[in-house]
Structures are given as structure tokens and as C-alpha cells.
Amino acid sequence: MQKKSAIHSKRCWIENQLQEATIFFENGKITEIVKGSSSTFDSFNSNNIIDFGTALVMSGAMDVHVHVNEPGRTEWEGFDTATQAAAVGGITTIVDMPLNSSPVTTSATAFKQKLDATNGKLHVNCGFYGGLVPDNVGELEGLIEAGVLGIKAFLTHSGIPDFPNVGRKELEEAMPIIAKYQIPLLAHCELSDETVKTDWNKIAAGNYQAYLQSRPKRWENEAVKLMIELCEKYTCPVHIVHVSSAEALQEIAAAKAKGLPITAETCAHYLYFNAETIPNGNTLFKCAPPIRNRANNEQLKEALKSGILDFITSDHSPAPPSIKELESGNLQKAWGGISSLQYVFSAAWTSLKNTLTIEEFIPLFTSHPAKFLGMEDQKGTLQKGMDADFTIWSPEESFEVLQKDNRHRHSISPYIGERLFGKVKSTYVGGVEVFNYQTGLKKGFGKRILNK
Ligand SMILES: [Zn+2]
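Predicted, not measured: the structure shown is a model, and the values here were computed from it.

What counts, and where the lines are drawn
Residues numbered from 1 in each chain as written. Predicted model: local features only at pLDDT ≥ 70, side-chain atom pairs only at ≥ 80, totals over all residues. Heavy atoms only, no water. Helix = DSSP H or I, 4+ residues; strand = E, 2+ residues; numbered from the N terminus. Rg over C-alpha atoms; globule rule 2.2 N^0.38 Å. Buried < 20%, exposed > 50% of the residue type's maximum accessible area, 1.4 Å probe, protein only. Contact = heavy atoms within 4.5 Å. Areas by Shrake-Rupley, 256 points an atom, 1.4 Å probe, with all protein chains shown as cover. Lys, Arg positive; Asp, Glu negative; His and termini not counted. Charge placed at Lys NZ, Arg CZ, Asp CG, Glu CD. Pairing = 2+ DSSP bridges. Axes fitted to C-alpha atoms, helices over the stretch in contact; angles between N-to-C directions. Donors = N, O, S within 2.8 Å, 3.2 Å for Na, K, Ca; no water. 1 Å grid on protein atoms, 1.4 Å probe; cavity = no way out; pocket = protein on both sides within 12 Å on 5 of 7 lines; lining within 4 Å. Points joined across faces, edges and corners; volume = space filled by probe spheres on them. Nonpolar A, V, L, I, M, F, W, Y, C, P; charged D, E, K, R; others polar. Phe/Tyr/Trp six-rings, centres within 6.5 Å; stacked < 30°, edge-to-face > 60°. Lys NZ or Arg CZ within 6 Å of the ring centre and 35° of its normal. Right-handed = clockwise from strand over helix to strand, strands pointing away.

This next bit is on the overall build of the protein chain. The number of helices and strands found in the protein chain is 13 helices and 19 strands. Computed over the C-alpha atoms, the radius of gyration of the protein chain is 21 Å, within 12% of the 22 Å expected from 2.2 N^0.38 for a compact globule of 452 residues. Across its three principal directions, the C-alpha atoms of the protein chain cover 70 × 45 × 40 Å. Looking at the protein chain as a whole, 61% of its 452 residues qualify as buried. For the protein chain, contacts bridging at least 24 residues in sequence account for 74% of all contacts bridging at least 6. Summed over all atoms, the accessible surface of the protein chain reaches about 17,000 Å², with 48% contributed by carbon and sulfur. Across the protein chain, the mean location of the 45 positive side-chain charges is 2 Å away from that of the 51 negative side-chain charges.

In C-alpha cells form, the structure reads like this:
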């Protein structure tokens, strides 16, 4: 049992506006919200109210696309380190992808191993996706019954041999099953073809433009079209992960206008970085689909404003320095994935603060991902009865990303050395302050999130 506690701020995100309020919570849930100044309280010992001044208090930020890699590849990233990084970065809930752990989460048995691997290691809340690969359609119901929040599939090579991609045939088998449960099918949308003339020598030598050209927008656009077609055919909720091609936006907008159950995300790195300024031979920026040119990325920002894109994730997908080929700078051999969970929230705000108002920005990390997971009755807004997960931050304050403050397993990330706005002051998970920028981390208060 937790005793009754309260936090106060002049800027709480309540009912879609910033307002002064005191938020009371007990046993992990918000019990009462009193708007206005806290000076009126005398029945409740005012010493128990923690005053955050003008720092912005909102429902905890959620990052629903994270590769934790445990069990099996814990040397890449594990639950202990990933969820510490999340807490420091103001993220109160993550959702783990079915790869690159070993085993991959493609059966209920593997999911059990995944859940066992989290014991004692969760410092923020964590949900899980299962995976669709060729020949595991028979496992999907078992995975869903065991509590995964969605099913992830690749339409091109995933980079992990034990998680092969699917094609139309497997999708057509799986989507009626997934539709029955009305959970999302998350799709990595790239349909590779042989017509691209790829200069592998240049890519191996670290030429970023050659890498960018090897994965054209067309691949993404075609895959998005296929997923929309199947979404309509099976009325299966489809989620397009990490949209990087702005050319796919119109298709997504049209599908939404038709009322299809489709959602889409982009990642902070597609907003923060631009191909024009990515140095050759720096593999930290390698991801798939690739980071594209500035003009393209500006359209992604506009799509977050207009609602074509629903929210932002990190797609945190780290690897050790050797697998990332940091020394060689070889963009062909390097693992594709960006280490970013700790920085996603502040990097996204830094990228968007001149395009979006704060009122437009906050839902991208709170109510929108909560609704996507079907958890809007528990998370995403500050209301009585909701989980006491809070992110408390200062949008106006900036900080330099320092290697020494990194909590990921490996302190390598393209964000290191950058100056980001949106300094996280405090992170609460289930009513417990798990991170405070002055006093540090309090570990072990994260919960596993399983679908009801
Ligand atoms: Zn991913």
C-alpha cells in the first residue's frame, strides 16, 4: 500500500489544456485532481504536496516501439538498462518488439521466456508485441491469449535470420485472426525489389548517400499501399511503424479518410536528423528505412500536426560498438538501428517546437499512444482513476546529451553531444518517483503490461 501523495504545478496537462492543479494519488492511481492554487489546502498536510513550480506535468510519456533484445541478446540491450534509460528520459511505458531477442517472440513459449527475463528488471512499465513470421500463424492466438499488445511483421529482411519477413500470402492468413481480436498488426513497410542499382562498394566505404539510395521511398510507398489494401479487405487494425517516406503520407491520409482502422508513427530521428548533414563513415545514423532529406522530413513534421501520423516512437534498436562497425565505418556491415530510448522525448520536442504548439505536441506521447494500445481508460491523460504515471519536464530548458549520463547498455548514440530542449525533471511510475534529475533513479517499480 502506498500512502496518499500529491504533486502540484502551475502547468498540468488536464482536459487538453495547461492549468494549475494539484494531483492526488494513492496505490498507483490518481484519486483526485483539484484545479487552482494549492494554498487552499489545510485538511491535507501541505508538506505532503510536492510542488514542481512551473514545470510541465503530464500523463507519463509512452514509447511503443522499443527493441530491448533480452533474453538472448542482452549484451546488445536488456530490460534493466533499457528501462533505466526510459525513466531518465521521461518515458513511463515502453512496448518491446518481438525481435531481436533470442528466442524471438513468435510463440507463447518464447513469450513466457521473455516475461521471465523481465523479473526484477523493470524500472518503467513494459508491454510486449508478438511476431508474425512464415509458418507461425498457428501460434498467433496463443500469443494473443498470453497478452501481447499487437503483432509485428516485416515486409523485407529484418536483419535477424530467425525473424524472416512475410509476404502477401502469410499476411492474408494472419490478418483474419488478428482482426478477430482487434489488436494492431504492426508492419515494417519496405518492399524491396531488384531494380535498385546499389553501389555496395561505396556503402561499404561508408558513403551515406549511397546507403540512402539503396532503400528508396518507393519501397516504403509500395508496402504501405499493400498494407492499406489488406487492412480494408480484412478490417484488421494496421499500424505502419517508422514512416520515413513523406510520399506515403497521402495514401495513409486517404485510408484514414475512408475510415479504415489504420494508424502510423514516425521516429524522432527522422525529424531531428537530415541526410544532408549525416557524415560519411558514421554508422550511428544507419537505420531502415533510412533518414532522408530535410524537405522530406519537414513533411513528416507537418503530418504530425495534421494528424496523418499519430505519434512518435524511438525504434530504439541498439547494438554493441563492434556490431555497429564503429571503427570501420562500414555502412554495409553495420547493424541498422539507432540507440535513442533515453533521448526520444526531448529530441522529438526539439525537432517539433517550431512546428507544433505544446498543446499539439503532448498528445503525441500521451493520449495517442495510449489509445493505440487500447489503454485510454488507464493511461494517457490526467484524470481521476487513471494510472499515476507522470512525466514532469521543462520545455524551455535545454541540456547537452553527455556520454556519462547515458543509461543504455552502450553509450553510443547519434544524439550524444547534441543540445536538446525539454529537460526531464521527474518521472513517476505507478505513483512512485522513479527518477528525479537531482536525486537519480529508484529501481524496480515498473510493471508488465499484458492485454486483458
Ligand atoms: Zn523497430
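Looking at the element boundaries, A334 is found in the loop between β14 (311–313) and α11 (344–352). Residues A334 and N451, 117 residues apart in the sequence, show an inter-C-alpha distance of 35 Å. Apart from the residues lying within four places of it in its own chain, the contact partners of A334 are T283, K286, I323, K324 and E325.

Here we come to the sheet that holds strand β7 (residues 91–96). Within the open sheet, the four strands sit side by side as β6-β7-β8-β19. Their pairing is parallel. Taken across any chain shown, the strands that pair with only one partner, and hence form the sheet edges, are β6 (61–66) and β19 (448–449). Those strands touched by helix α2 (residues 108–117) are β7, β8 (125–128) and β19, and its axis lies near 170° from that of β8.

All right, on to the coordination of the zinc ion then. Coordination of the zinc ion by the protein comes from H65 (NE2), H67 (NE2) and D315 (OD), over a distance range of 2.1 to 2.2 Å. One chain supplies every donor to the zinc ion, and in sequence these donors are spaced H-x1-H-x247-D. On the criterion of sequence distance, the pair formed by H67 in the loop between β6 and α1 (79–88) and D315 in the loop between β14 and α11 is long-range, its members being 248 residues apart. Judged by its relative accessible area of 4%, H67 is buried.

The tally for this structure, following the rule as stated, stands at two cavities of 30 Å³ or more. By volume, the largest cavity amounts to about 40 Å³. The wall of the largest cavity is formed by L284, S317, P318, A319, K324, G337, I338, S339, I412, S413 and P414. Split into classes, the residues belonging to the lining of the largest cavity amount to six nonpolar, four polar and one charged.

The next thing to look at is the packing of aromatic side chains. As enumerated under the stated definition, the model contains 22 aromatic pairs in all. A centroid spacing of 4.9 Å and a plane angle of 75° characterise the contact between Y272 and F273, whose relative ring orientation is edge-to-face. The buried category is assigned to F273, whose relative accessible area is 7%. An angle of 85° between the planes, with centres 5.1 Å apart, marks the rings of F345 and F365 as edge-to-face. Residue F345 is located in helix α11, and its partner F365 is located in the loop between α12 (358–361) and α13 (367–372); the two are separated by 20 residues in the primary sequence. Of the two residues, F345 and F365, neither departs from the other in class, the shared state being buried. Ring pairing ties together the aromatic residues Y272, F273, F285, Y343 and Y415, which thus form one cluster. Just above the ring of W76 sits the side chain of R73; from NZ or CZ to the centre is 5.5 Å. The ring of F421 carries the charged tip of K353 above its face, separated from the ring centre by 4.2 Å.

On to the environment of A110, then. By the secondary structure assignment, A110 is in helix α2. As for A110 and P71, which are separated by 39 residues in sequence, their C-alpha atoms are 9.6 Å apart.

In terms of burial, β7 is a largely internal element, six of the six residues being buried. Bridge count between β6 and β7: four bridges; the pairing is parallel. When the bridges of β7 are listed, D63 appears paired with I94. Tracing the backbone out of β6, into α1 and back to the parallel element β7 gives a crossover that is right-handed.

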